[in-house]
Structure formats: C-alpha cells, structure tokens
Amino acid sequence: MKEIKAIEFKDNILYLIDQRKLPTIYEIFQCKDYKEVDFAIKDMVVRGAPAIGATAAYGVVLAAKEFLNQDKKDFLGNLDKALEVLNNSRPTAVNLMWAIKKMRLLIEENRSLSNEEIYVKIKKEADKIFEEDIATNKAMAKYGNEIIKQGATILTHCNTGALATVGYGTALGVVREAHYTGKNIFVYADETRPRLQGGRLTAWELVQEGIPSKLIADNVAATLIRDGKIDVILVGADRIALNGDTANKIGTFMLSVVAKAYNVPFYIVAPTTTIDFDIETGKEIEIEERDSIEVTHIDGVRTAPEGIEVYNPAFDVTPWENISGIITEKGIIRSPYKENIMKLR
Ligand SMILES: CSC[C@H]1O[C@H](OP(=O)(O)O)[C@H](O)[C@@H]1O
C-alpha cells in the first residue's frame, strides 16, 4: 500500500501536497505562517473536510509560534485574529470549524499559562487531531467493508481518499479496505466537474494502489446505475445535519436521486467530526460558491466564452431519505438519523 501524505508538519513548517497540480505535477507547498495556510485552504492546495480540519489546526500552531515572543495580551489577541481568519477560510466543511473550536477552547482554558506553555498545548492538540484522523479512517473502512459484497462494483464521487484526509481516506478508505481484504472490487470514479477531484485525485490514488477502476464523466453515472452496473455508491461528506441531510461535493444529490430510483444502496462515509450537532436539517448548511473561472476554464485554458455568467456552488445537500446509511468510525448509522446520531454523543 502506497503511503500518501497530503499533510506533514515538521520543524514549524506545514508541508502540503499541492493538489491543484496533481496528477501531472507532484509538488509540495510549504506554509510558514497561518496566512499561507489560509491561502492553501482557500485555493484548494489542500482540500477535503478532514484534511482542511487538520491543516487549520497546524495553522494555529504556526500562528502561536509567530506571536510567541509578544506580550500576553498581543499574543492572545493575534492568536484570536488567526483563529478567525482560518475559521473563515471555507464555509461548508464543518471539520474546519470543529478544529478551530477545539483550539479556541484550549487557549481559553489555558490563558493563565505562559505563551510557551500555550504553544506546547496547541501543538500537542494539532498532533492529536492528525493522529486520530488516521485511526478514525481505518475504523470507518472496517465498518464500511462490512457492506461491500465480494466482487462488488462501487461508484464514487469527488475525492475522498488519502488526499482528502490525513491518510487512508473516508469513502475511498472503504474502497482500499475492500481491495486489500480481497473483495475483488471494481471502481467507477466520477471525474467531478468543475475542479475534477475525481479525474485528477481519485484516479491518481486508484492508479497508485493498482485498484481496478475506470474514470467516467459525471454524466455517465446515471446510465451505469440504471443498467444495474453499480452495486453500491460510496461518497464523502462535508457537513451532516442531525436529521441526516448531508452536504457533499456538487453532483452528489443528483447521484442519490438516481440511486434511489433504481434501488442502489447509497452510503455516506464520514467521521463523526463531520456531524454538525448544532443544526437540525440541511437547510441550515452554508453552501460555498466558488469563482466562475473554475467553470469557464480548465487548467487555465478558457473553454467558455467571455461574458457568460456562471453559477458555481461547490456543494449540494442530499436529503436523508436518499441515504441508505452513514458509515462512521463508531459504526453505521441508519434512519431514524437524529435518534441514532444523538446516541453518538
Ligand atoms: C473526505 S471529505 C472529502 C469531501 O471534500 C470534498 O470537497 P472539496 O474537494 O471541495 O474539499 C468533497 O466534498 C468530498 O466528498
């Protein structure tokens, strides 16, 4: 199994695989301060809910290091500004806000300590978030593998692999587990317009692992589902409401409708850190709208005419009624979602 490290923190530098350039160029993007981390999340150098949560946590570490020698008031004040900036870097994936909230609480509880002692605690917390994500993904993969039949054909959307997490992946982590436990699975990967996380990133991970697969244009999926070619659909998540409504990459909702029409099991694979316990339904989830250039250009080459207006939501919400189950590190949650999600608390 290839080890793909999307994120690495060493000697007060955060190293990120630059996912904007994969698969043609493998390049590491270095963040030396929290503003570079903010840029990296915004510009999708690093992306994927768990990955940006861990990345933001290390952004706080870099901020604490940067302001370490200031007096306490300035240290805490500047740290607070950094938390705000990082918290607002992207609006939909709740793992980001979850990580920042943990850091805020930690700083609040330890305000009376020295700057250095606070820095040490922040660094320890960031490392814990990092380590826990790998263990979480492996646990999710085992639960998910329970629903993967021998020889199953799996459809996935966007990228939910080692590049979207600290390691192994969420939905693609289940694919890895099924592959490595000899289930002889086959994967169809949606290319996932407009940023092509499937065509560029998932395809790259599948090739790295030698997992039998085919890349498809997003529009092919419905026909494969209708023709009984797909046994199960596995997708990731960016934010899950208490009733089970789930925000994920744009195009997920459409897949869920077709899956429901043809009775194909449709699973979300996500850690419990992706559940937003403060919202009842998907209606409360803010959907990020991104720059039009993502739709009018591919790799910097214009494909749509000057002057055309663009609507570019990066996510959509799949209603709980279309979801067969939510595979988490604590087990598979099924409807009634709120009742079963609350048991996780
Ligand atoms: C393992 S979470 C991956 C999740 O994040 C992706 O969004 P983006 O590439 O914009 O960060 C997509 O929604 C994936 O399902």
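So, how was this worked out
- Residues numbered from 1 in each chain as written.
- Predicted model: local features only at pLDDT ≥ 70, side-chain atom pairs only at ≥ 80, totals over all residues.
- Heavy atoms only, no water.
- Helix = DSSP H or I, 4+ residues; strand = E, 2+ residues; numbered from the N terminus.
- Buried < 20%, exposed > 50% of the residue type's maximum accessible area, 1.4 Å probe, protein only.
- Polar contact = N/O pair within 3.5 Å; in protein donor to acceptor, adjacent residues only side chain to side chain.
- Contact = heavy atoms within 4.5 Å.
- Near = heavy atom within 4 Å.
- Areas by Shrake-Rupley, 256 points an atom, 1.4 Å probe, with all protein chains shown as cover.
- Nonpolar A, V, L, I, M, F, W, Y, C, P; charged D, E, K, R; others polar.
- Domains from an automatic or database assignment.
- Core = buried A, V, L, I, M, F, W, Y, C linked by side-chain atoms within 4.5 Å.
- Arc of directions from axis to C-beta.
- Pairing = 2+ DSSP bridges.
- UniProt positions renumbered as here; feature names shortened; annotations may be inferred.

*Asks:* How would you sum up the side chain of Thr55? Please name residues and give values.
*Replies:* With respect to the helices and strands, the residue Thr55 is situated in helix H2 (residues 49-66). When its relative accessible area of 0% is taken as the criterion, Thr55 is described as buried. Polar contacts involving the side chain of Thr55 include one to the main-chain carbonyl oxygen of Ala51, which spans 2.7 Å. If we ignore the near neighbours within four places in the chain, the residues touching Thr55 are Ile7, Leu14, Leu16, Val37, Ile41 and Val46.

*Asks:* Any chance you could break down the site of the ligand for me, citing the residues and the numbers?
*Replies:* Near the ligand lie 18 residues; those nearest to it are Gly48, Arg90, Asp238, Asn248 and Lys249. Between an oxygen atom of the ligand and a main-chain N or O atom of Gly48, the distance comes to 2.8 Å. Calculation on the ligand without its partners gives an accessible area of 410 Å², and the protein chains cover 99% of this total. Residue assignment for the shell around the ligand shows that the elements contributing at least two residues are H2 and strand S9 (246-249). Among the residues forming the shell around the ligand, the class breakdown is seven nonpolar, seven polar and four charged. A domain-level breakdown of the shell around the ligand finds at least three residues from each of domain 1 (7-137) and domain 2 (140-342).

*Asks:* Break down the nonpolar core for me, with residues and values.
*Replies:* Generally speaking, a soluble globular protein has its nonpolar side chains buried in company with each other. Among the nonpolar cores identified, the biggest contains 55 residues, and Ile7, Leu14, Leu16 and Ile122 are the most heavily contacted of them. In this structure, this core is formed jointly by two domains, domain 1 (7-137) and domain 2 (140-342), each of which donates at least three residues. When near neighbours in sequence (up to four residues on either side) are disregarded, Ile7 contacts Leu14, Tyr15, Leu16, Ala51, Ala54, Thr55, Tyr58, Phe130, Thr165 and Val166. By size, the runner-up hydrophobic cluster in this structure holds 26 residues, among which are Leu155, Leu242, Ala270 and Ile333.

*Asks:* Give me the lowdown on helix H9 (residues 252-261), citing residues and values where you can.
*Replies:* Buried within H9 we find Thr252, Leu255, Ser256, Val258 and Ala259. Burial along H9 is one-sided: seen end-on, the buried residues are contained in an arc of 165 degrees. Those residues of H9 that are exposed and angled more than 90 degrees off the buried face are Met254 and Ala261. Positive phi shows up at Asn263, right after H9, with a value of about 55 degrees.

*Asks:* I'd like a rundown of the pairing of strand S14 (residues 325-328), residues and numbers included.
*Replies:* The alternating pattern of S14 places Gly325 and Ile327 and Ile326 and Thr328 on opposite faces, both of which are buried. Across three bridges, strand S10 (residues 266-269) lies against S14 in parallel orientation. When the bridges of S14 are listed, Tyr267 appears paired with Gly325. Taken together, the three bridges between S14 and strand S15 (residues 331-333) define a ladder with antiparallel strand orientation. Note that in S15 the partner of Ile326 across the bridge is Ile333. Between S14 and the antiparallel strand that follows it, S15, lie two residues.

*Asks:* Quick one: what's the story with the UniProt feature "binding site: substrate" (unreviewed entry) in the protein chain, residue by residue and with numbers?
*Replies:* As recorded in UniProt, the sites labelled "binding site: substrate" (unreviewed entry) are Arg47, Gly48, Ala49, Arg90, Gln197, Asn248 and Lys249. Inspection of the secondary structure puts Gly48 in the loop between helix H1 (34-42) and H2. Those residues within four positions of Gln197 in sequence are excluded, and the remaining contacts are Met44, Arg47, Cys158, Asn159, Glu191, Thr192, Thr202 and Lys249.

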